[in-house]
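This is what each chain is made of:
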Amino acid sequence: MKMKNTESVLPSCGKDYLYNLPVGRSAVVTSLNTEGITRRRMMDLGLVPGTKIEALRCSPFRDPKAFKIRGAVIALRREEGCQILVEYEGD
Amino acid sequence: MGLIYRFWGNSAAGGSVKKVIQQKTSYTIALAGNPNTGKSTIFNALTGLNQHTGNWPGKTVLRAEGSYNYEGIAFNLVDLPGTYSLLANSVEEQVARDYLCFGKPDTTVVVADATCLERNLNLVLQVLEITSKAVVCVNLVDEAKRKKIEIDAEFLAAELGVPVVFTAAREGRGLEQLLSAITAVSTGSIINTPYAVKYEKEIEDAVTKIEPQIRKLVGKEYNSRWLALRFLDKDQVVIDAVQKWVTGRVPLNIKTGGAVLA
Ligand SMILES: Nc1nc2c(ncn2[C@@H]2O[C@H](COP(=O)(O)OP(=O)(O)OP(=O)(O)O)[C@@H](O)[C@H]2O)c(=O)[nH]1
Ligand SMILES: [Mg+2]
């Protein structure tokens with residue numbers, strides 16, 4: 001799978017990568033920067049624009065991270081978390 | 001709307017009811033659903049077997065089979081692994097999908113979690129895309145009640161076009177209604193009118209183009225619309241399966257994906 005260099009580039013204001021969402025905070029999905037089967041898989045997990053997500057826990061090396069998505073706890077790897085753009089609520 | 005558990009103990013029929021015409025002496029029933037929705041608990045309750053249940057390491061990875069009798073009819077029950085999707089990104093999805101698509105159960109029960117129904121409906125719609133012979137079992141209603149979640153079974157059944165049954169499988173509640181809904185759909189005494197997902201015009205046009213060709217290859221054995229959609233996805237597993245199936249009968253020569261859309 002192609003991995004974009006997402007670490008140096010920060011998204012436009014108010015938006016962030018899901019991967020960066022601090023534990024305990026919530027945000028809303030705005031877009032998925034991926035295509036094909038990965039995109040489909042993310043949507044099957046409930047990750048569609050408008051979905052509210054809460055960061056629940058981090059594993060020791062911050063990869064994977066656990067999120068609450070539409071009532072289920074889902075672990076996402078850093079690579080996946082960096083393909084999902086979110087907007088903080090109230091920003 | 002929103003009457004709490006008005007349909008507790010009843011199944012809300014989503015299709016039309018007609019006279020029982022029993023064609024077979026035994027039926028095969030598949031249990032599908034998202035992970036951890038209580039499929040194995042239902043399987044054990046109905047078959048008296050002891051499939052491992054629980055969060056971890058109880059999860060079902062391969063399918064398990066058992067049987068039961070109801071109203072003098074024999075049913076074979078197949079417990080599938082939990083999946084969020086039938087698009088085969090993992091071993092579990094592949095096992096579940098291969099069985100639903102190519103194992104041709106008489107009826108598929110989709111077990112959904114009442115506490116997060118919305119996320120479960122994705123799989124429900126995917127299953128209804130493959131088969132009209134389905135029953136939606138909304139399980140864990142005891143948990144939902146505790147969380148003060150109300151579900152309108154009648155509305156849900158009307159929207160989905162298939163019977164919807166409420167259960168609390170761990171306490172054995174609602175199972176009688178589940179059995180009767182499964183029997184009704186299997187024997188054909190209920191004919192479902194499942195909700196069909198419609199896609200963008202571009203995709204629907206392509207389906208209209210290739211579906212007749214696929215139907216010519218597989219006949220009525222398999223769902224040609226569903227196969228056409230997978231062909232457009234360039235889903236290699238499905239393409240290979242169809243190829244294998246038709247080998248020796250008709251050479252498979254269908255262009256897929258971009259070629260069709262172009
Ligand atoms: N409160 C409550 N718990 C239930 C109910 N049904 C099942 N459970 C519990 O939910 C957990 C998961 O049940 P399983 O039957 O293993 O679920 P499953 O769908 O087979 O899980 P996978 O095979 O991993 O997809 C177990 O701890 C069950 O005891 C129910 O109706 N109410
Ligand atoms: Mg199981």
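In this text the structure is predicted, and so the values were computed from the model without any measurement.

Cut-offs applied
- Residues numbered from 1 in each chain as written.
- Chains lettered and ligands numbered in written order.
- Predicted model: local features only at pLDDT ≥ 70, side-chain atom pairs only at ≥ 80, totals over all residues.
- Heavy atoms only, no water.
- Helix = DSSP H or I, 4+ residues; strand = E, 2+ residues; numbered from the N terminus.
- Buried < 20%, exposed > 50% of the residue type's maximum accessible area, 1.4 Å probe, protein only.
- Areas by Shrake-Rupley, 256 points an atom, 1.4 Å probe, with all protein chains shown as cover.
- Contact = heavy atoms within 4.5 Å.
- Phe/Tyr/Trp six-rings, centres within 6.5 Å; stacked < 30°, edge-to-face > 60°.
- Lys NZ or Arg CZ within 6 Å of the ring centre and 35° of its normal.
- pLDDT = per-residue confidence, 0-100.

Novice: Outline the overall build of chain A, supporting the account with residue identities and numerical values.
Specialist: Across its full length, chain A holds 2 helices and 6 strands. Taken from N to C terminus, the helices and strands of chain A fall in the order β-β-α-β-β-β-α-β. When the 91 residues of chain A are sorted by exposure, 40% land in the buried category. Of the roughly 5100 Å² of accessible surface on chain A, a fraction of 53% belongs to carbon and sulfur atoms.

Novice: Let's hear about the overall build of chain B: which residues, and what values?
Specialist: Secondary structure assignment for chain B yields 10 helices and 9 strands. Per-residue burial for chain B yields a buried fraction of 52% across its 262 residues. Taking the contacts inside chain B whose residues are at least 6 apart along the sequence as the reference set, 71% of them involve residues at least 24 apart. When the accessible surface of chain B is totalled, it reaches about 12600 Å², and 51% of it is carbon and sulfur.

Novice: Talk me through the packing of aromatic side chains; I want residue IDs and the actual numbers.
Specialist: Taken as a whole, this structure holds 3 aromatic pairs over all chains when the rule is applied. Consider the rings of B:Tyr68 and B:Phe75, whose centres lie 5.0 Å apart with planes at 10°: the pair is stacked. On the basis of relative accessible area, B:Phe75 is assigned to the buried category, the value being 0%. Three or more aromatic residues link up through ring pairs in this structure, and these residues are B:Tyr27, B:Tyr68 and B:Phe75. The cationic tip of A:Lys65 hangs over the ring face of A:Tyr19; the distance from NZ or CZ to the ring centre is 5.6 Å. Over the ring of B:Tyr222 we find B:Lys104, and its NZ or CZ is 5.0 Å from the ring centre.

Novice: With reference to specific residues and values, describe the confidence of the model for chain B.
Specialist: Residues and elements named next belong to chain B. Here chain B averages 84 in pLDDT, and 81% of its residues register 70 or above. pLDDT under 50 marks residues 1–11. Its contacts with residues more than four places away, or in other chains, come to 25 contacts. Across residues 250–262 the pLDDT falls below 50, and counting only partners more than four positions away or on other chains, this stretch makes 25 contacts in the model.

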